[in-house]
Amino acid sequence: MAGSVTEADILAIGQSLLQSARQSKPALYRGVSGQILERCLNDAPLRAALFRFIDVLPQLKGSAAQAGHLAAYIEESGSSGLLPGLMKLAARPSLSWLATLQVKHMAQNFLVEESPHAMAAMLKALAAVPANITLDAVGEAVLTDAEADAYRDRVLWQLAQDWQGQVPHLSIKLTALAPAFDPLDAAGTKKRVYSRLLPIIEAACVRNATLTVDMEHHELKDQIVALFFDMVADFKDMRWQPAIALQAYLPETGDDIRRALNSAQRNGRKIGVRLVKGAYWDQEQAWSQERGWPMPCFRDKAATDAHYEKLAAELLARSDVLLPAIAGHNPRSLAVAIAHARHHGLRTGQWEVQMLYGMAEPLRNALAQQKVPLRIYVPAGDLLAGMAYLIRRLLENTASTSILRQTWLDASSDDALLKAPEVPTPKAPEQSPPATLPLSDFSRSDIRNDFAKALAAASGALHSNDRTDDPALHLSRNPHQPSWVLGRTRMTPLSKINVVIESARKAQQEWHKKGTAVRVRHLLALADQIEAERHHFAALQVLEAGKPWREADADVAEAIDFLHYYSTQMLYLAGAHTTTNFPGEHNHYRYRPRGVAVVIAPWNFPLAILTGMTAAALVTGNAALMKPALPGLLSAQALRAAMDKVDIPTALCPLLVGGVELGQALVAHPQVDVIAFTGSRAVGLDILRAAHTPYAEQAHLKQVVCEMGGKNAIIVDADADLDEAVLGILASAFGYSGQKCSACSRVIAVESIAEKLQERLIAAAQTLRWGNPADPSFDHGPLINEAAQKKALDYIAIGQTEARLLWQGSVPDSGCYSPPTIFTDVKPEHRIAREEVFGPVLALMTAPDFASAITMANDSDYALTGGVYSRLPQHLELAQREYRVGNLYLNRRITGARVGVQPFGGIALSGTGIQVGGPDYLKQFMWMQSVSQNVMRKGFVPDV
Ligand code: FDA
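None of these values were measured; they are calculated from a predicted model.

With that settled, consider the overall build of the protein. A tally of regular secondary structure across the protein gives 33 helices and 26 strands. Counting only contacts in the protein whose residues sit at least 6 apart along the sequence, the fraction spanning at least 24 positions is 75%. Summed over its atoms, the accessible surface of the protein is roughly 37900 Å², and 54% of this surface lies on carbon and sulfur atoms. For the protein, the distance from the average site of its 92 positive side-chain charges to the average site of its 96 negative ones is 2 Å.

Let us look at the pairing of strand β13 (residues 596-601). Of all 6 residues in β13, 6 are buried, a share of seventy percent or more. What you see with β13 is no split at all: Val596, Val598 and Ile600 on one side and Ala597, Val599 and Ala601 on the other are buried throughout. After leaving β13, the chain enters helix α24 (residues 608-619) and then returns to the sheet as strand β14 (residues 623-628), a path that is right-handed. When β13 meets strand β15 (residues 674-678), the two strands line up parallel, connected through 4 bridges.

Evaluation of the coordinates by the stated rule reveals 12 aromatic pairs. With a centroid separation of 5.3 Å and 15° between ring planes, the pair formed by Tyr566 and Tyr921 is classed as stacked. Residue Tyr566 is located in helix α23 (residues 549-573), and its partner Tyr921 is located in the loop between β25 (907-908) and β26 (926-934); the two are separated by 355 residues in the primary sequence. Just as Tyr566 is buried, Tyr921 falls in that class too. If you follow Lys277 out to its NZ or CZ, it ends over the ring of Tyr308, 4.9 Å from the centre. A cation sits over an aromatic face here: Arg681 above Tyr862, 5.2 Å from the ring centre.

If you check the shell around the ligand, you find 29 residues, and the closest are Lys277, Gly278, Thr304, His329 and Asn330. Within the side chain of Gln247, a nitrogen or oxygen atom sits 2.8 Å from an oxygen atom of the ligand. Between the ligand and His329 there is a distance of 2.7 Å, counted from an oxygen atom to a side-chain nitrogen or oxygen. In isolation the ligand exposes 930 Å². Once the protein is present, 92% of that is buried. Only β4 (241-247), β5 (271-276), α13 (301-316) and β7 (352-356) provide two or more residues apiece to the shell around the ligand. It is β7 that contributes the most residues to the shell around the ligand, 3 residues altogether.

On to the pattern of salt bridges. Applying the stated criterion to the full structure yields 52 salt bridges. Linking Asp859 and Arg834 is a salt bridge whose minimum nitrogen-to-oxygen distance equals 3.0 Å. With Asp859 in the loop between α32 (850-858) and β22 (862-863) and Arg834 in helix α31 (residues 831-834), the pair connects residues that are 25 residues apart, well separated along the chain. By relative accessible area, Asp859 is classed as partly exposed at 34%. The class for Arg834 is partly exposed, based on a relative accessible area of 28%. Three or more residues joined by partner-sharing salt bridges are found here, namely Asp145, Asp149, Arg152, Asp153 and Arg196.

Take the packing of helix α21 (residues 516-532) against α23 next. Running from N to C, α21 and α23 cross one another at 165°; their axes reach a closest spacing of 9 Å. It follows from the interaxial angle that α21 and α23 lie roughly antiparallel. Of the two elements, α21 crosses α23, and the hand of that crossing is left-handed. Note on element contacts: α23 touches α21 through Val556, Ile560, Leu563, His564, Ser567, Met570 and Leu571, opposite Thr516, Arg519, Val520, Leu523, Leu524, Leu526, Ala527, Ile530 and Glu531. Class assignment of the residues belonging to the contact of α21 with α23 gives a composition of 11 nonpolar, 3 polar and 2 charged.

Let us now look at the nonpolar core. Of all hydrophobic cores here, the largest spans 135 residues; its most connected members are Met122, Leu174, Ile326, Trp351 and Leu367. Counting residues in hydrophobic clusters, the runner-up holds 96 residues, among them Ala458, Val556, Val599 and Met708.

β5 sits mainly inside the fold: 6 of its 6 residues count as buried. Residues Ile271, Val273 and Leu275 point to one face of β5 and Gly272, Arg274 and Val276 to the other, with burial holding for every one of them. Bridging between β4 and β5 involves 5 bridges; their strand directions are parallel. Considered in β5, the bridge of Ala243 is made with Gly272.

The subject of this paragraph is the sheet that holds β26. The strands making up a sheet associate through backbone hydrogen bonding, with each pair oriented either parallel or antiparallel. In space, the 3 strands of this open sheet follow the order β11-β12-β26, with antiparallel pairing throughout. Among the strands making up the open sheet, the edge pair consists of β11 (577-578) and β26. The pairing of β11 with strand β12 (residues 585-593) spans 2 bridges and is classified as antiparallel. Looking at β12, one finds that Thr578 is bridged to His588.

Our next topic: helix α11 (residues 253-267). Compared with an ideal rise of 1.5 Å per residue, which puts 15 residues at 21 Å, α11 spans 21 Å between its outermost C-alpha atoms and is within 8% of the ideal. Of the surrounding elements, those touching the buried residues of α11 are α10 (218-234), β4, β5, α13 and β6 (322-327). Once α11 finishes, Gly268 follows within two positions and takes phi at roughly 65°, a positive value.

Calculation rules
- Residues numbered from 1 in each chain as written.
- Predicted model: local features only at pLDDT ≥ 70, side-chain atom pairs only at ≥ 80, totals over all residues.
- Heavy atoms only, no water.
- Helix = DSSP H or I, 4+ residues; strand = E, 2+ residues; numbered from the N terminus.
- Contact = heavy atoms within 4.5 Å.
- Areas by Shrake-Rupley, 256 points an atom, 1.4 Å probe, with all protein chains shown as cover.
- Lys, Arg positive; Asp, Glu negative; His and termini not counted.
- Charge placed at Lys NZ, Arg CZ, Asp CG, Glu CD.
- Buried < 20%, exposed > 50% of the residue type's maximum accessible area, 1.4 Å probe, protein only.
- Right-handed = clockwise from strand over helix to strand, strands pointing away.
- Pairing = 2+ DSSP bridges.
- Phe/Tyr/Trp six-rings, centres within 6.5 Å; stacked < 30°, edge-to-face > 60°.
- Lys NZ or Arg CZ within 6 Å of the ring centre and 35° of its normal.
- Near = heavy atom within 4 Å.
- Polar contact = N/O pair within 3.5 Å; in protein donor to acceptor, adjacent residues only side chain to side chain.
- Salt bridge = Lys/Arg side-chain N within 4 Å of Asp/Glu carboxyl O.
- Axes fitted to C-alpha atoms, helices over the stretch in contact; angles between N-to-C directions.
- Parallel < 35°, antiparallel > 145°, perpendicular 65-115°, else oblique.
- Left-handed = near helix turned anticlockwise from the far one by under 90°.
- Nonpolar A, V, L, I, M, F, W, Y, C, P; charged D, E, K, R; others polar.
- Core = buried A, V, L, I, M, F, W, Y, C linked by side-chain atoms within 4.5 Å.
- Expected span 1.5 Å × (residues − 1).

Below you can see the structure in the form of structure tokens.
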């Protein structure tokens, strides 16, 4: 083989492709849909309105709902002119069928219905190009086993069809084969995927078929790649052809190609590699910003293009062991691939170009004319259910960076289209620093390993062999295995309280004198200290609080966030703040600490809430007496140990160990100025009563900062996206086994959707696994102790007398478990609809319409968190006006508030309405002094 591929070769191929491709437009850009799309290109709000309508359409029952949504979206877009006018016209019940028809028509461009007839017609049409196909069973997200079974059956159906002489070639999504696809449970995921994959591979072998594994989001990439190479090795002697899609927008893809080479050589068989640029760029960008994780993709399109060209060259040079498929619609990128394939003398069967059905047909025809081997990726399925796919394609066709738009709509010159990608010198990432500490990315094996090591170390260290049976000792136990005593701690005798408070008061005076900057430095040092040991802190919660890995990690991150957030807030609040100065009169105010705070913290966020309340007390210049709930003691001890390392004096912030009696004694103590409490409503109300009853020797009013429980509801509207609603409800209801004040314990579904929601909810709940939280293959763990277990079981018994048991999951026989339970036909007056359970018990209710659902949701003593799943703008607005909760979540789960991003706290009997992690919180730990100074002296008014 002489010479190498030159730029001139590439340009020559590209020009000849473009010359014939530009003779006609792709079908999508023609006719009515073409006009709609062209108009949408220059009107981003109208484009968004159209996509929102397409997104919700499958869920809408009847013409009134269709018309209502279309009208609302166009109205919100604010667009005017001929097309929006026509669309508004179509937004009438009598005409909405037109809009639906048009969307179906668009869908037909990209999707084929799953019938022998439609498949035969499509195969015939593509054979005329000529082009082979790869078939994909397109559909909704797979949340349940039944849905995964259905996906498997569709793939089997496709394999069994008449392929009109072609060797069957399928593209499959591994995530669609198992509902719980989780990097934290790689072994379990593999087992679940394999159980449905095996019949597919067997059927593929019958026909020598190719199975290409599609690539999905980056978070799952390593797991998908690992599973694929397992498949190659595990089924290596079977007669199927394995292939995988790899994405050029990821800088690491070269490594995965090398793994494919090694795997092919090791297993003695060819492996297909489909090179794509990557379909999830926008989502990866949004998620990485939201999670504070590094953006996994190149940020510059030219970088992706250049990488794609490089990888295409690498793949085509290794057709001895690989079967390269170069996928895309970019004339330049494809010209590069063709030049390399020709350079290596590759023939049909040794490589191919792959394109998506309904995209860039003129280019496809031009390639066929040049005898380039072609395969078309054909998604098959229900036209309406395939909407997510349709939207992705429409976005691709209309994005300003899209090559399709540039080639056929923007009239970019051939030179511009064929120019070699110029990669700008990499600049510092534009990503702004995350608002909160990023959660651990457990899709990374290094992080999983570090966490496992920390957990093993903590498990090894936490064994109390002390057999003393002294009632003055508190025994910390593991709720999964209560006989395991993790530690024994001596309780603080009540007789010590006076001395402790006295020394705290002295220490507070010193602490206050240090000034804000020094106090902030201490808190930030504490944040760094916890961050350095974050896995250790989280491991303690896995063992003592029964939290699964992700939840334990999130609690530690939140503790660190509180330290940062309150430090920053205090810097704003410190010093003198001028109100209004007049000539001759100066006015300002400043905040002063109240004195000694008692922090009574719960066990369910054993580090975050304790740290948050303590940080607030300390940074504002108070002393803080920490009295954590006993089941969270190990975390509190670790916090105190971290404080020692950063010189936060014990006298200023002692850890007091005790139960109710200690709490009551502290609350009642006349030398206490602030009580910061988070916990149950009963204790909260007792504290408020006791604190507001001054004792004879008490010459001040106590300030109570009080966060109590919730009976939170999620409303599911008739047009809700059920994929999202089901996931959001399960995460909110069963996260940390329901032991969160923010947890969802009521679901109020609008009647027309209730049955469908129930079905999917149960089926999805069945996929969740309950067991030892130290083992990451379990999603959920036990309740905190036997008392909590008994309370939850009692409520389940009450529920059985009041309502209908719809579903109950299974849990281990031993340990403090209560089975996840869903009741239906629950009425507003039922106890399980009114009382806080603090366990995995969910009450399903129905409402005739959305407005009644809000009324039902508001019918509670509590008003903490609330959620709404709806896609109708008017309903989302109504919720914001009428749904009376401290934290309202629209189209997302109702737990997991982030410090400073979603300040957290309720009203009614949930709390005071001043939110934790919000701008007003710290003020509760201080009092305000206003100073007004007359500076006028006998008619002389100084300048300053
Ligand atoms: P074009 O040249 O216009 O490139 C668009 C692409 O550039 C975007 O999709 C994105 O990857 C990248 N990009 C856009 N803006 C960027 C920026 N600012 N910085 C960096 N990169 C940027 N995808 C996938 O993820 N998994 C899969 O399994 C498949 N399977 C598949 C099969 C077949 C047959 C085809 C044709 C395509 C896929 N895809 C895919 C989709 C593919 O990844 C890609 O989205 C489209 O093919 C668009 O790329 P083109 O080369 O066609 O267009």
